[in-house]
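Structure at a glance
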Amino acid sequence: MKVLKFGGTSIGSLDAVNNVKLIVEKEFSKKEPLLVVCSAFSGVTNALLSAAEAALAQNDFAEILKKAEDKHYQIISGLLPRTLQNPLLMMVKVSFNEVEDILFSIKNLEELSDRIKDRLLAYGEQLSNKIIATYLQSGDFPASYQDARELIITDSNFGNAAVDFIKTNENLRNWNLENQIYVVTGFIAKDKNNDTTTLGRGGSDYTAAVLAAGLQAEEIQIWTDVDGFMTADPRLVKNAFSQPELSYQEAMEMSYFGAKVIYPPTMIPAIESQIPIYIKNTFNPENPGTLIHQKSEVSKGLIKGIVSIEKTCLINITGNGMIGMKGFSGRLFNALARYDVNVILITQASSEHSISFVVNFDDEKKAEKAIQEEFYFEMNANKIDPPQIDNELSILSVVGENMKKTRGISGKFFSALGKNGINIIAIAQGSSEINISAVIERNELSKALNVVHDSLLLSPVKTFNVMFAGTGNIGKALFRQLEREAENLEKNHQIKINVVGVTNSRKMIISENESLNFNLNEILDKNLQDANLELFISLVSEKNLPNLVFVDNTSSDEVVQLYPRLFNNNISVVTCNKKGNSSGYQQYSQFKKLAKKNNVSFLYETNVGAGLPIIKTLNDLWISGDEILKIEAILSGTISYIFNNYVGEKTFAEVVKTAQELGFTEPDPRDDLNGMDFSRKMLILGREIGLPLEMSDVEIQDFLPKACLNAGSIPSFYEELEKNETYFLSLKNEAESSGKKLRLIGVLEEGKISIEVKMVDAKHPFFSLSGSDNIISFTTSRYRNTPLVVKGPGAGAEVTAAGVFADLVRVTAQ
């Protein structure tokens with residue numbers, strides 16, 4: 001035998017009730033009874049309660065009552081043929097007349113007791129179940145209406161009555177069941193005086209469990225409006241998905257901490273009788289939903305779900321008088337119990353100097369009063385301080401039996417929160433090890449849910465929210481690459497990049513809800529607002545998004561000056577902008593320290609070798625203890641291209657112009673040709689191995705004539721190059737005549753950096769360098785005889801963008 005329960009939303013409309021009929025038809029085998037427990041129609045219970053409160057407040061309740069009554073008429077007329085409507089329409093009319101009489105009594109007596117409230121609310125379940133029973137009968141189902149008050153006996157605690165299982169089970173054993181469908185009222189019962197009682201919040205779920213346990217049913221099916229237990233609230237976590245199965249204990253923990261799929265007490269009768277519970281979706285019945293049973297199978301994820309209570313209140317009690325005071329905790333929690341205050345979470349310092357606990361948001365005043373009354377004398381004697389109360393908090397909990405004896409779960413949980421700048425105010429973990437809870441600020445809840453969901457392997461993909469500065473050649477190339485590789489990243493590497501904002505020096509745009517697409521031209525065609533970099537960062541930061549990354553594709557000093565603000569807001573930075581790391585050493589050092597302090601990434605591989613793994617290789621050598629003896633490098637793809645292509649009849653100016661058109665040079669080619677760009681790169685390498693160098697420490701030999709360097713504009717610069725062609729030609733001819741090639745080479749040795757043009761012969765490893773390639777040679781203690789060489793393209797928007805792309809992906813792995 002099966003027991004099916006349908007909540008208010010599952011029978012809230014004509015389409016929904018039709019779905020219920022199809023589900024019941026499929027589940028009814030005609031070989032054993034089928035119990036169908038239904039709540040009131042969606043919104044009816046709240047309407048009856050609102051009408052009662054209006055009556056008590058001496059307000060008019062007629063409109064509220066009429067809407068509820070009309071809902072029943074509409075469902076009857078929509079479901080049933082006219083021949084079957086009249087008896088039900090009359091029943092609804094009579095019932096609402098009785099409801100109206102009760103409401104007038106409340107209004108006249110100015111009293112609304114829990115007993116009367118239960119009697120009033122019971123009409124919702126009686127009406128809905130009678131209508132559904134008749135509807136099933138109309139489809140040739142052997143169905144009948146059953147009032148649960150004839151079966152379930154409770155105490156007289158109106159509003160939240162406790163079931164008398166001895167008398168209830170006796171009634172159930174004496175119930176002569178036939179092989180038909182029984183439509184049973186949820187939520188309601190009666191006491192020994194035959195007064196109507198209700199089973200409290202989630203009472204219809206509880207009704208189904210009580211009936212299933214007493215009748216030894218095979219299974220319980222809870223039909224709702226979601227596909228089972230989700231790994232997190234899908235309204236807050238877009239990557240949430242339903243779990244195929246949970247243990248009773250996991251489901252109990254998740255329900256207690258905010259998962260509203262099933263009411264926790266519902267599971268107690270099922271657990272005691274070992275009855276499996278299925279959570280299924282009325283509106284998607286083909287989905288398997290979630291199976292709750294004794295022990296769930298081991299899942300791939302470290303946890304089964306993340307749940308939260310949005311509004312909570314943390315109360316902290318401190319005082320020197322608490323130290324060694326026997327019975328303090330007993331007095332505290334007894335006082336709270338007297339005021340009917342439920343304690344959600346407790347944590348106490350080992351010094352006994354303080355104790356903190358969390359209560360429901362609505363219990364704050366009651367809890368404060370209970371504490372002040374219980375410890376009145378101690379507070380007056382200054383042995384205990386007045387309670388400190390913070391009611392702007394939430395509780396976040398991770399749940400899963402896989403957590404038992406699994407090392408590192410707590411570390412991953414807290415690290416994920418810390419890396420995203422989420423402060424943990426209090427923590428708690430039971431000895432069962434299937435739940436870890438943290439108290440956090442309420443405005444951080446959505447962010448916290450998403451980062452924990454990603455980091456603890458619940459999400460099929462890990463999502464990173466990225467804002468981009470710079471839409472020049474590198475920016476455009478990066479967006480093309482991201483667009484091309486988006487599917488590959490998500491499918492094969494479980495990484496999703498959300499574009500949350502784009503800015504350049506003129507305009508900016510910030511996504512409202514969804515990610516912007518990767519078509520940069522389309523983005524820039526939108527109605528953009530004027531660029532304001534500080535406002536751009538502020539607006540994105542205010543969204544409080546998880547896993548936030550700032551990508552700097554500019555060469556702007558203004559952008560660099562905002563790096564500290566980004567780090568302090570727990571935003572990782574990926575940059576190809578060399579100016580940040582090649583300005584003063586103090587700034588470089590500050591960036592590194594702030595990134596480390598805030599546990600965020602600061603990646604700048606492209607500062608030195610575009611897409612080449614130069615900084616990573618150097619760091620691996622340095623961190624592993626290798627001694628760096630000498631670094632030789634050609635790190636100007638621009639100058640490599642120019643020297644390699646300065647052949648034949650082409651003038652030096654023509655080659656430089658071509659390099660600029662191909663995107664190999666900085667906006668002002670002199671930044672490459674004067675060696676300044678090269679100097680920045682060598683300076684960064686020196687700093688990466690711990691040398692506190694400044695730009696003034698770099699010795700660079702100019703090979704451009706002064707007139708070229710001092711030209712007033714870029715066009716004037718090209719004119720000066722043409723005027724000095726004889727000089728450049730003499731250098732070229734001298735190298736060619738001796739079988740050598742011109743190379744601009746940087747050397748870092750014994751803490752000093754030098755950069756100069758050299759003529760190298762065929763024996764030199766740099767002789768065969770072609771195109772715009774870069775090359776770097778590391779001579780170390782381990783690579784003394786045969787230096788470690790990295791060689792490849794070192795200039796151009798595509799390879800630089802590829803390096804930025806690689807750094808961005810590297811952030812996702814950290």
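As a reminder, the structure under discussion sits directly above these lines.
Below you will find a few notes about this structure. What you are looking at is a predicted structure, and each value in this text was computed from that prediction instead of being measured. (Residues numbered from 1 in each chain as written. Predicted model: local features only at pLDDT ≥ 70, side-chain atom pairs only at ≥ 80, totals over all residues. Heavy atoms only, no water.)

Before going further, it helps to spend a moment on the overall build of the protein chain. The helix and strand inventory of the protein chain stands at 31 helices and 29 strands. Against the globule reference of 28 Å for 814 residues, the protein chain gives a C-alpha radius of gyration of 37 Å, more extended than a compact globule. The principal-axis extents of the C-alpha atoms in the protein chain amount to approximately 115 × 75 × 50 Å. Each of the 814 residues in the protein chain was classed as buried or not, and the buried ones make up 53%. In the protein chain, of all internal contacts separated by at least 6 residues, the share reaching a separation of at least 24 is 72%. Counting every atom, the protein chain has about 36100 Å² of accessible surface; 47% of that belongs to carbon and sulfur. (Helix = DSSP H or I, 4+ residues; strand = E, 2+ residues; numbered from the N terminus. Rg over C-alpha atoms; globule rule 2.2 N^0.38 Å. Buried < 20%, exposed > 50% of the residue type's maximum accessible area, 1.4 Å probe, protein only. Contact = heavy atoms within 4.5 Å. Areas by Shrake-Rupley, 256 points an atom, 1.4 Å probe, with all protein chains shown as cover.)

Nonpolar side chains tend toward joint burial in soluble globular proteins. Core analysis: the largest hydrophobic core is formed by 77 residues, its most contacted members being Phe550, Phe652 and Leu721. Residues contacting phenylalanine 652, with those up to four places away along its chain left out, are Ile642, Phe643, Tyr646, Leu673, Phe703, Leu704, Leu721, Glu725 and Phe728. Core analysis: the next-biggest nonpolar cluster, separate from the first, contains 54 residues, Phe6, Cys38, Ala54 and Met91 among them. (Core = buried A, V, L, I, M, F, W, Y, C linked by side-chain atoms within 4.5 Å.)

Time to look at the environment of alanine 806. Structurally, alanine 806 is set in helix α31 (residues 797-813). The spatial distance from the C-alpha of alanine 806 to the C-alpha of glutamate 605 is 8.8 Å, given a sequence separation of 201 residues.

Let us look at the environment of leucine 618. Take leucine 618: it is sitting in helix α23 (residues 614-623). Apart from residues no more than four positions distant in its own chain, leucine 618 is found in contact with Ile628, Ile631, Leu685, Glu688, Ile689 and Phe778.

Strands sit in the order β12-β13-β11-β14-β16-β15 across an open sheet of six strands; the sheet is antiparallel. Across the chains shown, the open sheet's two edge strands, defined by having one partner strand only, are β12 (343-348) and β15 (426-429). Ignoring which end each strand starts from, the neighbouring axes of this sheet average 30° apart. Pairing of strand β14 (residues 388-399) with strand β16 (residues 435-441) involves seven bridges; the strand directions are antiparallel. Each residue of the ladder has a partner; that of leucine 393, found in β16, is glutamate 441. (Pairing = 2+ DSSP bridges. Axes fitted to C-alpha atoms, helices over the stretch in contact; angles between N-to-C directions.)

It is worth spelling out the packing of aromatic side chains at this point. Inspection of the entire model under this criterion finds 21 aromatic pairs. Ring centres 5.2 Å apart and planes at 65° place the aromatic pair phenylalanine 61 and phenylalanine 104 in the edge-to-face group. Separated by 43 residues along the polypeptide, phenylalanine 61 in the loop between α2 (44-56) and α3 (62-79) and phenylalanine 104 in helix α4 (residues 82-109) bring together distant segments of the chain. The class of phenylalanine 61 is buried, set by a relative accessible area of 3%. Classification of phenylalanine 104 by relative accessible area gives partly exposed; the value is 38%. Arranged with centres 5.9 Å apart and planes meeting at 35°, the rings of tyrosine 585 and tyrosine 588 form a pair that is tilted. Of this pair, tyrosine 585 and tyrosine 588 are both found in helix α21 (residues 585-597), three residues apart, which corresponds to roughly one turn of the helix. When its relative accessible area of 23% is taken as the criterion, tyrosine 585 is described as partly exposed. Above the face of the tyrosine 135 ring, lysine 21 is positioned so that its terminal group lies 4.8 Å from the ring centre. The cationic tip of lysine 732 hangs over the ring face of tyrosine 646; the distance from NZ or CZ to the ring centre is 4.5 Å. (Phe/Tyr/Trp six-rings, centres within 6.5 Å; stacked < 30°, edge-to-face > 60°. Lys NZ or Arg CZ within 6 Å of the ring centre and 35° of its normal.)

Okay, unusual backbone geometry next. The backbone of asparagine 544 sits at a positive phi, close to 55°, despite the residue not being glycine. Structurally, asparagine 544 is set in the loop between α17 (533-542) and β21 (548-552). Here the phi dihedral of asparagine 547 falls at roughly 50°; this positive angle occurs in a residue that is not glycine.

The next thing to look at is the sheet that holds strand β7 (residues 219-224). Read across the open sheet, the eight strands follow the order β3-β4-β2-β1-β7-β9-β10-β8; overall the sheet is mixed. The sheet is open, and its two edges are formed by β3 (143-146) and β8 (245-247), each paired on a single side. Neighbour to neighbour, the strand axes of the sheet diverge by 20° on average, direction disregarded. Where strand β1 (residues 2-6) lies against strand β2 (residues 34-38), five bridges are found, and the strand directions are parallel.

Our next topic: the pairing of strand β22 (residues 572-575). Residues Ser572 and Val574 of β22 are buried on one face, and the alternating residues Val573 and Thr575, pointing to the opposite face, are buried as well. By the bridge criterion, four bridges tie β21 to β22 in an arrangement that is parallel. If you follow aspartate 552 over to β22, its bridge partner there is threonine 575. Of the pairings in the sheet, the one linking β22 to strand β23 (residues 602-603) comprises two bridges and is parallel in character. Looking at the pairing, valine 574 lines up with leucine 603 of β23.

Once that is clear, we can look at helix α10 (residues 328-338). Those residues of α10 lying buried are Phe328, Leu332, Ala335 and Leu336. Along the axis of α10, the buried positions cluster into a sector of 100°, meaning they face one direction only. Turned more than 90 degrees from where α10 packs its buried face, Ala337 and Arg338 sit exposed. Residues of α10 that are buried in the fold lie against β11 (305-318), β12, β13 (354-360) and α11 (364-374). Where α10 ends, the next residue or the one after it, aspartate 340, has phi of about 60°, a positive value. (Arc of directions from axis to C-beta.)

The analysis is restricted to geometry; functional conclusions fall outside its scope.
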